[in-house]
Amino acid sequence: DAGVTQSPTHLIKTRGQHVTLRCSPISGHKSVSWYQQVLGQGPQFIFQYYEKEERGRGNFPDRFSARQFPNYSSELNVNALLLGDSALYLCASSPEVPRNQPQHFGDGTRLSIL
Amino acid sequence: RKEVEQDPGPFNVPEGATVAFNCTYSNSASQSFFWYRQDCRKEPKLLMSVYSSGNEDGRFTAQLNRASQYISLLIRDSKLSDSATYLCVVSRLNRDDKIIFGKGTRLHILP
């Protein structure tokens, strides 16, 4: 069975641009979460979606938005990119809300802002 | 104070040694607890969930102390392949769901 898949794997953008990152959860998983990980830090929670509804939000500015589609795949959008947005963006899925169960992570999208 | 704090690393220990990691959390509404490991430039992978009664999986033992709000991970008979960053994860429900990762503790097993 395919694991969590993310695309693209690497991306280079310039300041002020916007970006869309994509995630397909493990088949049968209804919850998707997004994280930002900068070098030397643990993943920082951005959003959690379950059954196409936002269930949780981390301390990120409104430039960050996301949505989940009927097939449970998800997109993370970031507008007006800043140099500080350079990071590894991780998507994780779980069968139900991940409050009480572990998550399975994709390989991530490495975003570089020039 | 950070919501989840872990031992600052790195830990450099000889192969075969026992190593213990601690993690404290500040929000008493926290509900679930996990340890993940992350290899360099790889995604985090679940190592084990942490249950109230404590749990063991081979060489790994996890414990939870709700009164003192900390969790621990013990690795016995450490192997070279245990070298990784160990991430403490706490999930809570407080108006909305949040999953909080610690900064991670880097472990180097020395031959």
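That block above? That's the structure.
Residues numbered from 1 in each chain as written. Chains lettered and ligands numbered in written order. Predicted model: local features only at pLDDT ≥ 70, side-chain atom pairs only at ≥ 80, totals over all residues. Heavy atoms only, no water.

(A) How the structure looks around the state of the cysteines. A full pass over the atoms with the stated rule returns two disulfides over all chains. The partner cysteine of Cys23 of chain A in its disulfide is Cys91 of chain A, sulfur to sulfur 1.8 Å. Across the S-S bond of Cys23 of chain A and Cys91 of chain A the torsion is about -65 degrees, and the bridge reads as left-handed. With Cys23 of chain A in strand 3 (residues 19–24) and Cys91 of chain A in strand 9 (residues 87–94), this pair connects stretches of sequence that are 68 residues apart. For Cys91 of chain A, a relative accessible area of 0% corresponds to the buried category. Each sulfur in the disulfide pair Cys23 of chain B and Cys88 of chain B lies 1.9 Å from the other. Classification of the bridge connecting Cys23 of chain B and Cys88 of chain B rests on its S-S torsion, roughly -70 degrees, and on that basis the disulfide is left-handed. In this pair, Cys23 of chain B is assigned in strand 3 (residues 19–25) and Cys88 of chain B in strand 9 (residues 84–94), connecting sequence segments 65 residues apart. A single burial state applies to Cys23 of chain B and to Cys88 of chain B, both of which are buried. (Disulfide = S-S within 2.5 Å. Helix = DSSP H or I, 4+ residues; strand = E, 2+ residues; numbered from the N terminus. Buried < 20%, exposed > 50% of the residue type's maximum accessible area, 1.4 Å probe, protein only.)

(B) Structural context of the nonpolar core. Membership of the largest hydrophobic core comes to 25 residues, with the highest contact counts inside it found for Phe21, Trp35, Ile71, Leu73, Ile75, Tyr86 and Leu107 of chain B. Among all residues touching Leu73 of chain B, those that are not within four sequence positions of it are Val19, Ala20, Phe21, Trp35, Leu47, Met48, Phe60, Thr61 and Tyr86 of chain B. (Core = buried A, V, L, I, M, F, W, Y, C linked by side-chain atoms within 4.5 Å. Contact = heavy atoms within 4.5 Å.)

(C) Structural view of the sheet that holds strand 3 of chain B. Residues and elements named next belong to chain B. With antiparallel pairing, five strands are arranged side by side in an open sheet as 1-3-8-7-6. The sheet is open, and its two borders are formed by strand 1 (4–6) and strand 6 (55–57), each paired with just one other strand. Across this sheet, the average inter-strand angle for adjacent strands is 15 degrees, counted without regard to direction. Strand direction decides the pairing type here: strand 1 and strand 3, joined by three bridges, are antiparallel. Bridging from a neighbouring strand, Gln6 pairs with Cys23 of strand 3. (Pairing = 2+ DSSP bridges. Axes fitted to C-alpha atoms, helices over the stretch in contact; angles between N-to-C directions.)

(D) Representation of the interface of chain A and chain B within the structure. The interface is formed by 26 residues belonging to chain A together with 20 residues belonging to chain B. Summed over both sides, the interface of chain A with chain B buries roughly 1900 Å², with 50% coming from carbon and sulfur. Of all residues in chain A, the largest losses of buried area upon contact with chain B belong to Arg99, Pro102 and Phe105 of chain A, amounting jointly to 29% of the total for that side. Where chain A touches chain B, the interface holds zero salt bridges. Joining chain A to chain B, the criterion identifies three residue pairs in polar contact (both at pLDDT 80 or more). Of all the elements in the fold, those that place two or more residues in the side of chain A that touches chain B are strand 4 (31–37), strand 5 (44–50) and strand 6 (53–57) of chain A. For the side of chain A that touches chain B, the class distribution of residues is eight nonpolar, 13 polar and five charged. (Buried area = accessible area lost by both parts, 1.4 Å probe. Salt bridge = Lys/Arg side-chain N within 4 Å of Asp/Glu carboxyl O. Polar contact = N/O pair within 3.5 Å; in protein donor to acceptor, adjacent residues only side chain to side chain. Nonpolar A, V, L, I, M, F, W, Y, C, P; charged D, E, K, R; others polar.)

(E) Summary view of the side chain of Thr109 of chain A. Position of Thr109 of chain A relative to the elements: it lies in strand 11 (residues 109–113). Setting aside its immediate chain neighbours within four residues, Thr109 of chain A contacts Gln6, Ser7, Pro8, Thr9, Leu21, Ala87, Leu88 and Tyr89 of chain A.

(F) Up close: the pairing of strand 4 (residues 30–38) of chain B. With eight of nine residues buried, strand 4 of chain B is to be regarded as a mostly interior element. As consecutive antiparallel partners, strand 4 of chain B and strand 5 (residues 45–50) of chain B are separated by six residues, and within that stretch Arg41 of chain B has a phi angle of approximately 65 degrees, a positive value.

(G) Representation of the packing of aromatic side chains within the structure. According to the stated counting rule, one finds 13 aromatic pairs over all chains in the structure shown. Between the aromatic rings of Phe47 of chain A and Tyr49 of chain A, the centroid separation amounts to 6.2 Å while the plane-to-plane angle is 55 degrees, which identifies the pairing as tilted. (Phe/Tyr/Trp six-rings, centres within 6.5 Å; stacked < 30°, edge-to-face > 60°.)

(H) Structural view of the pairing of strand 11 (residues 105–110) of chain B. Residue and element names in this part refer to chain B. Burial along strand 11 is one-sided: the residues Thr105, Leu107 and Ile109 are buried and none of Arg106, His108 and Leu110 is. As paired strands, strand 2 (residues 11–14) and strand 11 are joined by four bridges and run parallel to one another. Paired with Phe11 across the bridge in strand 11 is Leu107.

(I) Up close: the sheet that holds strand 1 (residues 5–7) of chain A. Residues and elements named next belong to chain A. On the basis of which strands lie adjacent, the open sheet formed by four strands has the order 1-3-8-7 and antiparallel pairing. Across the chains shown, the open sheet's two edge strands, defined by having one partner strand only, are strand 1 and strand 7 (64–68). Across the sheet, the mean angle from the axis of one strand to that of its neighbour is 15 degrees, orientation sign disregarded. Here strand 3 runs beside strand 8 (residues 74–78); their pairing, made up of five bridges, is antiparallel. Directly across from Thr20, in strand 8, lies its bridge partner Asn77.

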